[in-house]
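# Summary of structural features
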Amino acid sequence: MELYGVDVDPVDDSDEAREQLRIYTSGAWTYEANGATERGCLEQRDVARVERALDRATWMQTVTAAPCTHAAAPPTTIYYVNGAQVHEAHGCSAILDDPTRNALAEIDAIVDAVRAR
């Protein structure tokens, strides 16, 4: 069963910039980017850390009036928890609240550490 997922799709629909991450309750994970796929397995303590981080995420969105500073339109980012979509971000004005951003940063750090091994 899928525990957590994120899809990043560029506005211009180029395959090069598309990214996808999936973490499963078994600890298995996949990361796809630039046409390549990486696979691995998290230790159960890391799965528990991901679960705790997701429990802290509120998925509340704050809106800012700040204009986009990207040269091109920013991508669409879709987040999934337990196989269900929980948030879809379009553009620069959609900013998630601190508890959610902190939870996502923790999950990213866990995955980055495993990918670096």
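Refer to the preceding data block for the structure.
Residues numbered from 1 in each chain as written. Predicted model: local features only at pLDDT ≥ 70, side-chain atom pairs only at ≥ 80, totals over all residues. Heavy atoms only, no water.

Within this structure, the stated rule accounts for one aromatic pair. Relative to Tyr79, the ring of Trp59 lies with its centre 5.4 Å away and its plane at 45°, an arrangement referred to as tilted. Here the residue Trp59 occupies a position in the loop between α1 (44–56) and β5 (61–63), and Tyr79 occupies one in strand β6 (residues 76–81), the gap between them amounting to 20 residues. Since its relative accessible area comes to 15%, Trp59 is described here as buried. On the basis of relative accessible area, Tyr79 is assigned to the buried category, the value being 14%. When the ring centre of Tyr31 is taken as reference, the NZ or CZ atom of Arg115 above it lies at 4.1 Å. (Phe/Tyr/Trp six-rings, centres within 6.5 Å; stacked < 30°, edge-to-face > 60°. Helix = DSSP H or I, 4+ residues; strand = E, 2+ residues; numbered from the N terminus. Buried < 20%, exposed > 50% of the residue type's maximum accessible area, 1.4 Å probe, protein only. Lys NZ or Arg CZ within 6 Å of the ring centre and 35° of its normal.)

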